[in-house]
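# Observations on chain architecture
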Amino acid sequence: MNSEIEQIESFLQAQIAPLANKIDRQPQVLKLALQKIGDRSWLALKAAPELGGTGLSDADYLSLQIRMARASGALTFLQTQHQSAVAKLAQSQNKSLQQEFFPDVAQGKALIGVGFSHLRRRGVPMMQATQTPGGYLLTGKVPWITGYGFFTQFVLGATLPDGRELYGMLPLQNQSPELGGEIKLSKPMELIAMSATNTVSAEINQWFLTSDRLVAISPAGAIHALSRRNILNHGFFALGCAYAGLDILEAIAAKKQLEFLQESWQSLHGEVMQQEHKAIAALLNNHYPQQLQLRAAMINLAQRCSLAAVIASGGAANYLNSSAGRIYREALLFSVSGQTIDVIKASLNNLLRSG
Ligand SMILES: Cc1cc2nc3c(=O)[nH]c(=O)nc-3n(C[C@H](O)[C@H](O)[C@H](O)COP(=O)(O)OP(=O)(O)OC[C@H]3O[C@@H](n4cnc5c(N)ncnc54)[C@H](O)[C@@H]3O)c2cc1C
(Lines give C-alpha, C1' and ligand atoms only; values in the text may rest on other atoms or scores of the structure.)
Protein backbone atom coordinates (compact mmCIF):
# COMPACT_ATOMS: atom_id res chain seq x y z
CA MET A 1 0.00 0.00 0.00
CA ASN A 2 1.06 3.57 -0.77
CA SER A 3 2.83 4.94 2.34
CA GLU A 4 0.88 8.23 2.21
CA ILE A 5 -2.37 6.24 2.45
CA GLU A 6 -1.02 4.29 5.43
CA GLN A 7 -0.10 7.56 7.14
CA ILE A 8 -3.57 8.98 6.53
CA GLU A 9 -5.19 5.79 7.84
CA SER A 10 -3.26 5.76 11.07
CA PHE A 11 -3.87 9.50 11.55
CA LEU A 12 -7.63 8.91 11.12
CA GLN A 13 -7.69 6.11 13.64
CA ALA A 14 -5.57 7.90 16.23
CA GLN A 15 -6.75 11.50 15.94
CA ILE A 16 -10.18 11.57 14.30
CA ALA A 17 -12.17 8.44 15.23
CA PRO A 18 -12.03 9.07 19.00
CA LEU A 19 -13.56 12.56 18.47
CA ALA A 20 -16.22 11.51 15.94
CA ASN A 21 -19.25 12.29 18.13
CA LYS A 22 -17.99 15.80 18.87
CA ILE A 23 -16.97 16.35 15.23
CA ASP A 24 -20.54 15.43 14.23
CA ARG A 25 -22.16 18.21 16.22
CA GLN A 26 -19.59 20.85 17.13
CA PRO A 27 -18.41 23.04 14.21
CA GLN A 28 -15.33 24.23 16.10
CA VAL A 29 -14.15 20.64 16.68
CA LEU A 30 -14.86 19.81 13.03
CA LYS A 31 -12.88 22.90 12.00
CA LEU A 32 -9.84 21.73 13.98
CA ALA A 33 -10.10 18.26 12.42
CA LEU A 34 -10.24 19.78 8.92
CA GLN A 35 -7.29 21.99 9.73
CA LYS A 36 -5.27 18.97 10.86
CA ILE A 37 -5.88 17.36 7.47
CA GLY A 38 -4.89 20.62 5.78
CA ASP A 39 -1.71 20.90 7.87
CA ARG A 40 -0.68 17.58 6.32
CA SER A 41 -1.52 18.76 2.76
CA TRP A 42 -4.26 16.16 2.33
CA LEU A 43 -6.96 18.43 0.96
CA ALA A 44 -6.22 18.01 -2.75
CA LEU A 45 -5.73 14.26 -2.82
CA LYS A 46 -6.59 13.72 -6.48
CA ALA A 47 -5.03 16.87 -7.92
CA ALA A 48 -1.73 16.50 -9.76
CA PRO A 49 1.49 17.02 -7.78
CA GLU A 50 2.43 19.93 -10.15
CA LEU A 51 -0.57 21.76 -8.68
CA GLY A 52 0.40 20.86 -5.12
CA GLY A 53 -1.95 17.88 -4.90
CA THR A 54 -1.22 14.29 -3.81
CA GLY A 55 -2.03 12.77 -7.22
CA LEU A 56 -3.89 9.70 -5.89
CA SER A 57 -5.53 7.34 -8.39
CA ASP A 58 -9.34 7.01 -8.31
CA ALA A 59 -9.09 3.62 -6.61
CA ASP A 60 -6.70 4.87 -3.90
CA TYR A 61 -8.75 8.02 -3.36
CA LEU A 62 -12.01 6.12 -3.02
CA SER A 63 -10.63 3.43 -0.76
CA LEU A 64 -9.32 6.24 1.43
CA GLN A 65 -12.84 7.72 1.53
CA ILE A 66 -13.97 4.40 3.05
CA ARG A 67 -11.36 4.76 5.83
CA MET A 68 -12.31 8.38 6.36
CA ALA A 69 -16.06 7.70 6.59
CA ARG A 70 -15.27 4.87 9.01
CA ALA A 71 -13.55 7.42 11.28
CA SER A 72 -15.99 10.37 10.95
CA GLY A 73 -18.95 10.91 8.62
CA ALA A 74 -19.05 14.68 9.14
CA LEU A 75 -15.37 15.22 8.38
CA THR A 76 -15.62 13.00 5.31
CA PHE A 77 -18.69 14.80 4.04
CA LEU A 78 -17.18 18.26 4.57
CA GLN A 79 -13.80 17.51 3.00
CA THR A 80 -15.37 15.75 0.05
CA GLN A 81 -17.21 18.96 -0.95
CA HIS A 82 -13.85 20.75 -0.93
CA GLN A 83 -12.09 17.94 -2.81
CA SER A 84 -14.79 17.97 -5.47
CA ALA A 85 -14.49 21.78 -5.89
CA VAL A 86 -10.72 21.31 -6.15
CA ALA A 87 -11.18 18.63 -8.82
CA LYS A 88 -13.35 21.03 -10.88
CA LEU A 89 -10.76 23.76 -10.49
CA ALA A 90 -7.91 21.43 -11.42
CA GLN A 91 -9.65 20.75 -14.76
CA SER A 92 -10.41 24.42 -15.41
CA GLN A 93 -9.02 26.24 -18.44
CA ASN A 94 -8.96 29.41 -16.31
CA LYS A 95 -5.28 29.34 -15.36
CA SER A 96 -5.27 32.59 -13.39
CA LEU A 97 -8.12 31.30 -11.19
CA GLN A 98 -6.19 28.05 -10.74
CA GLN A 99 -3.10 29.99 -9.67
CA GLU A 100 -5.15 31.90 -7.14
CA PHE A 101 -6.13 28.65 -5.38
CA PHE A 102 -3.34 26.13 -5.92
CA PRO A 103 -1.40 24.96 -3.92
CA ASP A 104 -3.22 26.65 -1.00
CA VAL A 105 -6.27 24.40 -1.40
CA ALA A 106 -4.18 21.32 -0.56
CA GLN A 107 -3.23 22.81 2.80
CA GLY A 108 -6.64 24.22 3.65
CA LYS A 109 -5.34 27.80 3.41
CA ALA A 110 -8.08 28.27 0.82
CA LEU A 111 -11.24 26.21 1.33
CA ILE A 112 -14.02 25.88 -1.25
CA GLY A 113 -17.45 24.27 -1.24
CA VAL A 114 -19.83 23.28 -4.03
CA GLY A 115 -23.45 23.98 -4.89
CA PHE A 116 -24.35 22.19 -8.09
CA SER A 117 -26.39 19.07 -7.25
CA HIS A 118 -29.54 21.02 -8.29
CA LEU A 119 -28.34 20.71 -11.90
CA ARG A 120 -29.54 17.10 -11.66
CA ARG A 121 -33.11 18.20 -10.98
CA ARG A 122 -35.74 18.18 -13.73
CA GLY A 123 -37.93 21.06 -14.90
CA VAL A 124 -37.17 24.78 -15.01
CA PRO A 125 -33.51 25.25 -13.96
CA MET A 126 -33.23 26.45 -10.36
CA MET A 127 -30.17 28.62 -11.10
CA GLN A 128 -30.04 30.47 -14.39
CA ALA A 129 -27.12 32.22 -16.05
CA THR A 130 -27.23 34.75 -18.88
CA GLN A 131 -24.22 36.13 -20.68
CA THR A 132 -23.56 39.85 -20.35
CA PRO A 133 -20.56 42.03 -21.30
CA GLY A 134 -17.60 40.99 -19.12
CA GLY A 135 -19.30 37.97 -17.56
CA TYR A 136 -22.62 36.38 -16.59
CA LEU A 137 -25.64 37.31 -14.50
CA LEU A 138 -26.80 34.59 -12.13
CA THR A 139 -30.25 34.33 -10.58
CA GLY A 140 -32.04 31.54 -8.74
CA LYS A 141 -31.94 29.23 -5.73
CA VAL A 142 -29.31 26.79 -4.52
CA PRO A 143 -30.88 24.15 -2.27
CA TRP A 144 -27.69 22.74 -0.74
CA ILE A 145 -24.27 24.18 0.08
CA THR A 146 -22.35 22.49 2.86
CA GLY A 147 -19.56 24.27 4.73
CA TYR A 148 -20.80 27.73 5.72
CA GLY A 149 -18.21 29.18 8.12
CA PHE A 150 -15.58 26.71 6.84
CA PHE A 151 -15.38 27.60 3.15
CA THR A 152 -14.96 31.18 1.97
CA GLN A 153 -16.08 30.46 -1.60
CA PHE A 154 -18.04 27.84 -3.48
CA VAL A 155 -18.34 26.55 -7.03
CA LEU A 156 -21.89 27.27 -8.15
CA GLY A 157 -23.63 25.42 -10.98
CA ALA A 158 -26.10 27.33 -13.19
CA THR A 159 -27.85 26.69 -16.48
CA LEU A 160 -27.35 28.85 -19.57
CA PRO A 161 -30.35 29.54 -21.89
CA ASP A 162 -29.12 26.85 -24.35
CA GLY A 163 -28.94 24.26 -21.54
CA ARG A 164 -25.15 24.30 -21.10
CA GLU A 165 -23.86 24.19 -17.53
CA LEU A 166 -21.89 27.09 -16.11
CA TYR A 167 -19.62 26.65 -13.09
CA GLY A 168 -18.42 29.81 -11.36
CA MET A 169 -16.64 30.81 -8.16
CA LEU A 170 -18.79 32.80 -5.71
CA PRO A 171 -18.29 34.00 -2.14
CA LEU A 172 -19.96 31.78 0.47
CA GLN A 173 -21.08 34.84 2.38
CA ASN A 174 -24.08 37.11 2.33
CA GLN A 175 -23.63 39.89 -0.22
CA SER A 176 -25.86 42.92 -0.35
CA PRO A 177 -27.42 44.06 -3.67
CA GLU A 178 -25.40 47.32 -3.85
CA LEU A 179 -22.22 45.33 -4.48
CA GLY A 180 -23.18 43.97 -7.90
CA GLY A 181 -25.79 41.39 -7.05
CA GLU A 182 -27.20 39.72 -3.97
CA ILE A 183 -26.32 36.45 -2.24
CA LYS A 184 -28.69 35.59 0.62
CA LEU A 185 -27.73 32.51 2.62
CA SER A 186 -30.08 30.68 4.96
CA LYS A 187 -29.09 29.89 8.53
CA PRO A 188 -27.32 26.51 8.82
CA MET A 189 -30.07 23.89 8.50
CA GLU A 190 -31.19 21.85 11.47
CA LEU A 191 -30.29 18.39 10.24
CA ILE A 192 -30.48 14.98 11.87
CA ALA A 193 -26.98 14.05 10.68
CA MET A 194 -23.64 15.85 10.55
CA SER A 195 -25.14 19.11 11.76
CA ALA A 196 -21.66 20.56 12.41
CA THR A 197 -21.02 20.75 8.65
CA ASN A 198 -23.26 23.85 8.42
CA THR A 199 -25.34 23.19 5.32
CA VAL A 200 -27.16 26.24 3.96
CA SER A 201 -29.32 27.14 0.99
CA ALA A 202 -28.91 30.33 -1.03
CA GLU A 203 -30.99 32.81 -2.96
CA ILE A 204 -28.99 34.58 -5.62
CA ASN A 205 -30.26 37.66 -7.38
CA GLN A 206 -28.55 39.18 -10.42
CA TRP A 207 -25.07 38.21 -9.20
CA PHE A 208 -22.48 39.45 -11.68
CA LEU A 209 -19.93 36.71 -12.22
CA THR A 210 -16.98 38.35 -13.94
CA SER A 211 -15.33 36.18 -16.61
CA ASP A 212 -12.21 35.79 -14.45
CA ARG A 213 -14.33 33.85 -11.86
CA LEU A 214 -15.57 31.36 -14.46
CA VAL A 215 -14.46 27.80 -13.67
CA ALA A 216 -15.95 26.01 -16.68
CA ILE A 217 -18.77 25.76 -19.18
CA SER A 218 -19.85 22.18 -19.84
CA PRO A 219 -22.25 20.74 -22.41
CA ALA A 220 -25.95 20.40 -21.55
CA GLY A 221 -26.54 17.31 -19.42
CA ALA A 222 -22.85 16.98 -18.44
CA ILE A 223 -23.82 16.49 -14.78
CA HIS A 224 -25.97 13.47 -15.69
CA ALA A 225 -23.13 11.94 -17.71
CA LEU A 226 -20.75 12.53 -14.79
CA SER A 227 -23.18 11.05 -12.24
CA ARG A 228 -23.43 7.99 -14.47
CA ARG A 229 -19.69 7.67 -14.91
CA ASN A 230 -19.09 8.12 -11.17
CA ILE A 231 -22.11 6.13 -10.04
CA LEU A 232 -20.02 4.09 -7.60
CA ASN A 233 -18.34 7.02 -5.88
CA HIS A 234 -20.83 7.94 -3.16
CA GLY A 235 -21.15 4.23 -2.35
CA PHE A 236 -17.66 4.28 -0.82
CA PHE A 237 -18.84 6.64 1.93
CA ALA A 238 -21.68 4.21 2.62
CA LEU A 239 -19.17 1.35 2.89
CA GLY A 240 -17.08 3.35 5.38
CA CYS A 241 -20.25 3.94 7.37
CA ALA A 242 -20.96 0.18 7.29
CA TYR A 243 -17.49 -0.51 8.72
CA ALA A 244 -18.07 2.11 11.42
CA GLY A 245 -21.27 0.31 12.45
CA LEU A 246 -19.39 -2.99 12.54
CA ASP A 247 -16.64 -1.50 14.72
CA ILE A 248 -19.33 -0.76 17.32
CA LEU A 249 -20.87 -4.21 16.94
CA GLU A 250 -17.47 -5.87 17.38
CA ALA A 251 -16.71 -3.86 20.53
CA ILE A 252 -20.10 -4.72 22.04
CA ALA A 253 -19.68 -8.41 21.13
CA ALA A 254 -16.34 -8.44 22.97
CA LYS A 255 -17.83 -6.67 25.99
CA LYS A 256 -21.04 -8.66 26.31
CA GLN A 257 -19.46 -12.02 25.43
CA LEU A 258 -22.53 -13.10 23.46
CA GLU A 259 -21.74 -15.55 20.68
CA PHE A 260 -24.54 -14.44 18.36
CA LEU A 261 -23.21 -10.87 18.39
CA GLN A 262 -19.80 -12.13 17.29
CA GLU A 263 -21.46 -14.29 14.60
CA SER A 264 -23.49 -11.33 13.34
CA TRP A 265 -20.31 -9.24 13.13
CA GLN A 266 -18.48 -11.98 11.27
CA SER A 267 -21.24 -12.46 8.73
CA LEU A 268 -21.73 -8.74 8.03
CA HIS A 269 -18.00 -8.04 8.03
CA GLY A 270 -17.47 -10.73 5.40
CA GLU A 271 -20.19 -9.16 3.28
CA VAL A 272 -18.77 -5.63 3.59
CA MET A 273 -15.25 -6.77 2.69
CA GLN A 274 -16.55 -8.68 -0.31
CA GLN A 275 -18.51 -5.65 -1.50
CA GLU A 276 -15.44 -3.45 -1.09
CA HIS A 277 -13.35 -5.75 -3.30
CA LYS A 278 -16.11 -5.94 -5.90
CA ALA A 279 -16.57 -2.15 -5.94
CA ILE A 280 -12.85 -1.41 -6.31
CA ALA A 281 -12.64 -3.97 -9.16
CA ALA A 282 -15.77 -2.53 -10.81
CA LEU A 283 -14.25 0.96 -10.97
CA LEU A 284 -12.40 -0.11 -14.08
CA ASN A 285 -15.11 -2.01 -15.94
CA ASN A 286 -17.44 0.87 -16.93
CA HIS A 287 -20.39 -1.51 -16.75
CA TYR A 288 -23.14 0.83 -15.55
CA PRO A 289 -25.83 -1.73 -14.55
CA GLN A 290 -23.32 -3.63 -12.41
CA GLN A 291 -21.93 -0.45 -10.85
CA LEU A 292 -25.46 0.75 -10.06
CA GLN A 293 -26.28 -2.53 -8.31
CA LEU A 294 -23.06 -2.25 -6.31
CA ARG A 295 -23.88 1.33 -5.27
CA ALA A 296 -27.30 0.20 -4.04
CA ALA A 297 -25.73 -2.77 -2.24
CA MET A 298 -23.25 -0.48 -0.47
CA ILE A 299 -26.08 1.81 0.67
CA ASN A 300 -27.97 -1.24 1.88
CA LEU A 301 -24.93 -2.39 3.89
CA ALA A 302 -24.58 1.02 5.54
CA GLN A 303 -28.20 0.81 6.62
CA ARG A 304 -27.98 -2.79 7.89
CA CYS A 305 -24.62 -2.46 9.67
CA SER A 306 -25.52 0.83 11.34
CA LEU A 307 -28.85 -0.68 12.44
CA ALA A 308 -26.98 -3.73 13.78
CA ALA A 309 -24.87 -1.35 15.89
CA VAL A 310 -28.04 0.33 17.18
CA ILE A 311 -29.73 -2.96 18.07
CA ALA A 312 -26.64 -4.33 19.82
CA SER A 313 -26.23 -1.04 21.74
CA GLY A 314 -29.77 -1.26 23.11
CA GLY A 315 -31.56 1.75 24.57
CA ALA A 316 -28.28 3.66 24.87
CA ALA A 317 -28.23 4.06 21.07
CA ASN A 318 -30.93 6.67 21.57
CA TYR A 319 -28.68 9.04 23.49
CA LEU A 320 -27.75 12.00 21.34
CA ASN A 321 -24.06 11.34 21.95
CA SER A 322 -24.22 7.61 21.18
CA SER A 323 -21.78 6.47 18.48
CA ALA A 324 -24.28 3.89 17.20
CA GLY A 325 -26.99 6.55 16.88
CA ARG A 326 -24.59 8.87 15.06
CA ILE A 327 -23.53 6.19 12.59
CA TYR A 328 -27.18 5.28 11.96
CA ARG A 329 -27.91 8.93 11.14
CA GLU A 330 -24.84 9.10 8.92
CA ALA A 331 -26.20 6.07 7.03
CA LEU A 332 -29.35 8.09 6.29
CA LEU A 333 -27.30 10.87 4.74
CA PHE A 334 -25.04 8.53 2.79
CA SER A 335 -28.20 6.83 1.45
CA VAL A 336 -29.19 10.02 -0.40
CA SER A 337 -26.00 11.95 -1.12
CA GLY A 338 -25.25 12.27 -4.83
CA GLN A 339 -28.59 10.61 -5.49
CA THR A 340 -29.95 10.06 -9.00
CA ILE A 341 -33.28 8.61 -10.08
CA ASP A 342 -31.57 5.26 -10.89
CA VAL A 343 -30.01 5.15 -7.42
CA ILE A 344 -33.39 5.81 -5.79
CA LYS A 345 -34.93 2.97 -7.77
CA ALA A 346 -32.09 0.50 -7.18
CA SER A 347 -31.98 1.33 -3.44
CA LEU A 348 -35.73 0.85 -3.07
CA ASN A 349 -35.60 -2.41 -5.02
CA ASN A 350 -33.03 -3.69 -2.55
CA LEU A 351 -35.29 -2.80 0.36
CA LEU A 352 -38.26 -4.51 -1.28
CA ARG A 353 -36.22 -7.66 -1.91
CA SER A 354 -34.95 -7.83 1.66
CA GLY A 355 -38.60 -7.85 2.82
C1 LIG B 1 -27.10 17.44 4.34
C2 LIG B 1 -26.90 17.59 2.88
C3 LIG B 1 -25.86 18.36 2.41
C4 LIG B 1 -25.65 18.52 1.04
N5 LIG B 1 -24.63 19.30 0.61
C6 LIG B 1 -24.46 19.52 -0.71
C7 LIG B 1 -23.43 20.41 -1.20
O8 LIG B 1 -22.63 20.94 -0.44
N9 LIG B 1 -23.35 20.63 -2.52
C10 LIG B 1 -24.21 20.06 -3.41
O11 LIG B 1 -24.07 20.31 -4.60
N12 LIG B 1 -25.18 19.21 -2.98
C13 LIG B 1 -25.32 18.92 -1.67
N14 LIG B 1 -26.31 18.06 -1.23
C15 LIG B 1 -27.18 17.48 -2.24
C16 LIG B 1 -27.14 16.00 -2.32
O17 LIG B 1 -26.10 15.48 -3.04
C18 LIG B 1 -28.54 15.67 -2.83
O19 LIG B 1 -29.25 15.38 -1.69
C20 LIG B 1 -28.77 14.53 -3.64
O21 LIG B 1 -28.14 14.74 -4.85
C22 LIG B 1 -30.33 14.37 -3.78
O23 LIG B 1 -30.84 15.51 -4.39
P24 LIG B 1 -32.12 16.35 -3.97
O25 LIG B 1 -32.77 15.83 -2.77
O26 LIG B 1 -31.68 17.76 -3.94
O27 LIG B 1 -32.93 16.19 -5.30
P28 LIG B 1 -34.19 15.42 -5.79
O29 LIG B 1 -35.04 16.46 -6.35
O30 LIG B 1 -34.78 14.49 -4.79
O31 LIG B 1 -33.58 14.59 -6.98
C32 LIG B 1 -32.76 13.45 -6.85
C33 LIG B 1 -32.58 12.86 -8.24
O34 LIG B 1 -33.80 12.28 -8.71
C35 LIG B 1 -34.18 12.85 -9.95
N36 LIG B 1 -35.63 13.01 -9.96
C37 LIG B 1 -36.39 13.47 -8.96
N38 LIG B 1 -37.69 13.46 -9.32
C39 LIG B 1 -37.75 12.97 -10.58
C40 LIG B 1 -38.80 12.70 -11.51
N41 LIG B 1 -40.07 12.95 -11.21
N42 LIG B 1 -38.48 12.22 -12.71
C43 LIG B 1 -37.20 11.95 -13.04
N44 LIG B 1 -36.15 12.18 -12.20
C45 LIG B 1 -36.41 12.69 -11.00
C46 LIG B 1 -33.47 14.18 -10.02
O47 LIG B 1 -33.29 14.57 -11.37
C48 LIG B 1 -32.17 13.87 -9.32
O49 LIG B 1 -31.26 13.26 -10.19
C50 LIG B 1 -26.52 17.89 0.12
C51 LIG B 1 -27.58 17.09 0.60
C52 LIG B 1 -27.77 16.95 1.96
C53 LIG B 1 -28.91 16.10 2.42
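This text goes with the structure placed above it.
Residues numbered from 1 in each chain as written. Predicted model: local features only at pLDDT ≥ 70, side-chain atom pairs only at ≥ 80, totals over all residues. Heavy atoms only, no water.

## Some thoughts on helix α12 (residues 341-354)
In this model, α12 (14 residues) spans 20 Å end to end at C-alpha, consistent with the 20 Å of a helix rising 1.5 Å per residue. For α12, the full list of buried residues reads Val 343, Ala 346, Ser 347 and Asn 350. Down the axis of α12, the sector holding all buried residues measures 100°, keeping them to one side. In α12, those exposed residues whose orientation departs by more than 90 degrees from the buried face are Ile 341, Lys 345 and Leu 352. On its buried face, α12 is in contact with α10 (288-313). (Helix = DSSP H or I, 4+ residues; strand = E, 2+ residues; numbered from the N terminus. Expected span 1.5 Å × (residues − 1). Buried < 20%, exposed > 50% of the residue type's maximum accessible area, 1.4 Å probe, protein only. Arc of directions from axis to C-beta. Contact = heavy atoms within 4.5 Å.)

## Some points on the pairing of strand β1 (residues 112-115)
Neither face of β1 is exposed, since Ile 112 and Val 114 on one face and Gly 113 and Gly 115 on the opposite face are all buried. Inspection of the sheet shows β1 paired to strand β4 (residues 153-159) by four bridges, in the parallel sense. From the neighbouring strand, Gly 113 faces β4, where its bridge partner is Phe 154. (Pairing = 2+ DSSP bridges.)

## Here's the deal with the state of the cysteines
Under the criterion given, the structure shown has zero disulfides. Summary of cysteine pairing: Cys 241 is not part of a disulfide, and the nearest cysteine sulfur, belonging to Cys 305, is at 8.5 Å. (Disulfide = S-S within 2.5 Å.)

## Overview of the site of the ligand
For the ligand, the set of nearby residues contains 21 residues, the closest of which are Ser 117, Arg 120, Arg 121, Trp 144 and Thr 146. The backbone of Val 114 places a nitrogen or oxygen atom 2.9 Å from a nitrogen atom of the ligand. Between a nitrogen atom of the ligand and a side-chain N or O atom of Ser 117, the distance comes to 2.8 Å. Breaking the shell around the ligand down by element, the ones donating at least two residues are α5 (73-90), β1, β3 (135-146), α11 (323-336) and α12. (Near = heavy atom within 4 Å. Polar contact = N/O pair within 3.5 Å; in protein donor to acceptor, adjacent residues only side chain to side chain.)

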